[in-house]
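# An overview of the molecular structure
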Amino acid sequence: MMEMSLPSYLQSQGVDLDMKSHIRVEYENFDVGLEYQRLRLLCHQIGAVVTFTGLVRDFEDSGNQKVGNDSLSAMDLQHYPEMTEDLITNIVEEAAVRWSLLGVTVIHRVGKLSPNDQIVFVGVASERRSEAFNAAEFLMDYLKLKATFWKRVMIGGQWRWVSSKSSDEDAMLKWGGH
């Protein structure tokens, strides 16, 4: 069996190594390792890659309080297709203005998900770790409130819509947002 170099393998998987920002909203799961490698291999100036992967929890909380005694059995995320991607693009562009970034990947899943499913991936590549950490945190905070996703959860056999939390709104204040 012939071994492939990592860049060759990534290209064989359809990964575009030249992409500086990569935004996807999709029903399919994503491969965290491939997304990390895409960012790492963008250019030689990269000194840090920070990634965040969000998972569906088996509970829905309101602030810091667990809602009810029943576990969450499913989550359904809906979006307005073109509007959601445009808003995420705007968030990524704002991060690029605030910090010196070499690459950004944002992937957000939609549709019906189960506890422990991957729901969101944010990856940031930059020359310096502080830039990457700050940009990744900024992107997640803004995604929670500004990207147009509507979330409902099934708890105890009942679907219910979920509103944004005050803690999400408070997180935006540190970035000068509202």
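Whatever comes next refers back to the structure up there.
Residues numbered from 1 in each chain as written. Predicted model: local features only at pLDDT ≥ 70, side-chain atom pairs only at ≥ 80, totals over all residues. Heavy atoms only, no water.

### Structural notes on the sheet that holds strand β1 (residues 21-26)
Strand order in the open sheet made by the 4 strands is β1-β6-β8-β2, with mixed pairing throughout. Every interior strand has two partners, whereas the edge strands, β1 and β2 (48-55), have only one. Mean inter-strand twist for the sheet, computed between neighbouring axes without regard to direction, equals 5°. Pairing geometry for strand β6 (residues 101-109) and strand β8 (residues 118-126), over 7 bridges, is antiparallel. Across the sheet, Ile107 pairs through a bridge with Phe121, a residue of β8. Seen against the sheet, helix α2 (residues 32-40) touches β1, β2, β6 and β8 and runs at an angle of roughly 15° to β8. Contacts from helix α3 (residues 81-98) reach β1 and β6, with the element oriented near 150° to β1. (Pairing = 2+ DSSP bridges. Helix = DSSP H or I, 4+ residues; strand = E, 2+ residues; numbered from the N terminus. Axes fitted to C-alpha atoms, helices over the stretch in contact; angles between N-to-C directions. Contact = heavy atoms within 4.5 Å.)

### Concerning the pairing of strand β9 (residues 149-155)
In terms of residue burial, β9 counts as a mostly covered element, since 5 of its 7 residues are buried. Of the pairings in the sheet, the one linking strand β5 (residues 72-79) to β9 comprises 7 bridges and is antiparallel in character. Among the inter-strand pairings, Gln78 is bridged to a residue of β9, identified as Trp150. Note that β9 and strand β10 (residues 158-162) share 5 bridges and pair antiparallel. (Buried < 20%, exposed > 50% of the residue type's maximum accessible area, 1.4 Å probe, protein only.)

### Overview of α2
Residues of α2 that are buried include every one of Leu34, Glu35, Gln37, Arg38 and Leu39, and no others. Measuring from the side-chain oxygen of the N-cap residue of α2 to the backbone nitrogen of Gly33 gives 2.9 Å; that N-cap residue is Asp31. (Polar contact = N/O pair within 3.5 Å; in protein donor to acceptor, adjacent residues only side chain to side chain.)

### Here we look at the packing of aromatic side chains
Taken as a whole and judged by the stated rule, the model has 3 aromatic pairs. Members of the aromatic cluster, joined through ring pairs, are Trp99, Phe138 and Tyr142. In this arrangement the basic side chain of Arg152 is found over the ring face of Trp161, its NZ or CZ atom lying 5.8 Å from the centre. (Phe/Tyr/Trp six-rings, centres within 6.5 Å; stacked < 30°, edge-to-face > 60°. Lys NZ or Arg CZ within 6 Å of the ring centre and 35° of its normal.)

### Focus on the pattern of salt bridges
Here the idea is simple: oppositely charged side chains can pair when their charged atoms come close. In total, this model carries 5 salt bridges according to the counting rule given. For Glu35, the salt bridge identified is with Arg38, shortest N-O distance 3.1 Å. Here Glu35 pairs with Arg38, and both are found in helix α2, just 3 residues apart, close to one helical turn. Of the two residues examined, Glu35 and Arg38, each falls in the buried class. (Salt bridge = Lys/Arg side-chain N within 4 Å of Asp/Glu carboxyl O.)

### Some words on the packing of α3 against helix α4 (residues 129-146)
Axis separation between α3 and α4 bottoms out at 10 Å; the angle between their running directions is 150°. Between α3 and α4, the crossing angle belongs to the class labelled roughly antiparallel. When the axes of α3 and α4 are compared, the crossing they make is right-handed. Listed contacts from α4 to Leu87, Ile88, Ile91, Val92, Glu94, Ala95 and Arg98 of α3 are Phe138, Leu139, Tyr142, Leu143 and Lys146. Among the residues forming the contact of α3 with α4, the class breakdown is 9 nonpolar, no polar and 3 charged. (Parallel < 35°, antiparallel > 145°, perpendicular 65-115°, else oblique. Left-handed = near helix turned anticlockwise from the far one by under 90°. Nonpolar A, V, L, I, M, F, W, Y, C, P; charged D, E, K, R; others polar.)

Taken by themselves, the reported measurements are silent on function.
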